[in-house]
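Coordinate analysis (summary)
In case you want the letters, here they are:
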Amino acid sequence: PAAPALAASALGLVESQRILPNVAVLIIDSGSGRQLMQSPIPIPSLFGTGQFPFILPNPRVWMPTSTIQITFTNLDATNAYSVRLAFIGYKEYQTP
């Protein structure tokens, strides 16, 4: 099936009847000090929606002492958003 189209409205991005936050996100891996993207990317482009989540095709390996730093940029001049992100994964342990 075709992916649902996004449209802009006064409330933010709209897909069908759901309002999506017009917020961009930048993710930084503190272990390597690298940004995962060159500039902030709109949340629906990177994470999808609750009904249509975007799953990364390749796993990301983080250093054991890394922290994930996330910077949000509100692209909407009139609305404030409460944003929650879910990172799903697993931890692997090395045996000597």
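Just above, that's the structure.
The following refers to the structure shown.

What follows covers the layout of surface pockets. Its boundaries defined by the atoms lining it, the largest pocket holds a volume of some 1,700 Å³. If you go around the largest pocket, you meet 41 residues; those closest to its centre are R60, W62, F87, I88 and G89. Of all the secondary structure elements, the ones that give two or more residues to the lining of the largest pocket are β3 (18-20) and α1 (43-47). With 4 residues, α1 is the single largest residue contributor to the lining of the largest pocket. Here the residues of the lining of the largest pocket are counted per class, giving 27 nonpolar, 9 polar and 5 charged.

Judged by nonpolar contacts, V23, V25, L26, I27, M37, I43, L46 and F47 together constitute the single largest core of 8 residues. Contributing elements (two or more residues each) for this core: β4 (23-29) and α1. For I43, the residues in contact, after removing those within four places along its chain, are V23, A24, V25, G48, F72, V83 and L85.

In the structure shown here, the tally under the stated rule is 0 aromatic pairs. For the cation-ring pair, R60 lies above W62, with the distance from its terminal atom to the ring centre recorded as 4.9 Å.

Let us look at the environment of L20. The topology assignment puts L20 in strand β3. We classify L20 as buried; its relative accessible area is 8%. Considering only alpha carbons, one finds L20 and G48, 28 residues apart in sequence, at a separation of 9.6 Å.

Our focus in this paragraph is the side chain of D76. Structurally, D76 can be placed in the segment after β7 (68-74). From its side chain, D76 meets the backbone nitrogen of T78 in a polar contact 3.0 Å long.

Cut-offs used in this document
One numbering rule holds for all chains: residues counted from 1, following each sequence as written. In view of the model being predicted, local features appear only for residues whose pLDDT reaches at least 70, and side-chain atom pairs are presented and counted only at 80 or more, with totals across whole chains, interfaces and linings using the full set of residues. Hydrogens and water are ignored here; the side-chain numbers use all heavy atoms of the structure. Definitions used throughout: a 1 Å grid over protein atoms alone; a cavity as a set of points that fits a 1.4 Å probe which cannot get out; a pocket as an open set with protein on both sides within 12 Å along at least five of seven lines; a lining residue as one with an atom within 4 Å of a point. Grid points are joined across faces, edges and corners, and a volume is the space filled by probe spheres set on the points. Counting from the N terminus, the helices are the DSSP runs of H or I reaching at least four residues and the strands are the DSSP runs of E reaching at least two. Asp, Glu, Lys and Arg are counted as charged, while Ala, Val, Leu, Ile, Met, Phe, Trp, Tyr, Cys and Pro are counted as nonpolar; the rest, among them Gly, fall into the polar class. Here the nonpolar core consists of buried residues drawn from Ala, Val, Leu, Ile, Met, Phe, Trp, Tyr and Cys, with membership extended through side-chain atoms lying within 4.5 Å. Relative accessible area decides the class of each residue, using a 1.4 Å probe on protein chains only: under 20% of the type maximum gives buried, over 50% gives exposed, and in between gives partly exposed. Only heavy atoms enter the contact rule, under which two residues are in contact if any of them lie within 4.5 Å. What counts as a ring pair is set by centres within 6.5 Å for rings of Phe, Tyr and Trp (its six-membered ring), and what kind of pair is set by the plane angle: stacked under 30 degrees, edge-to-face over 60, tilted for all other angles. Two conditions define a charge located above a ring, namely a distance within 6 Å from the ring centre to NZ of Lys or CZ of Arg, and an angle within 35 degrees of the ring normal. Under the rule applied, a polar contact is a pair of N or O atoms within 3.5 Å (in protein, one hydrogen donor and one hydrogen acceptor; residues adjacent in sequence only if both atoms are side-chain atoms).

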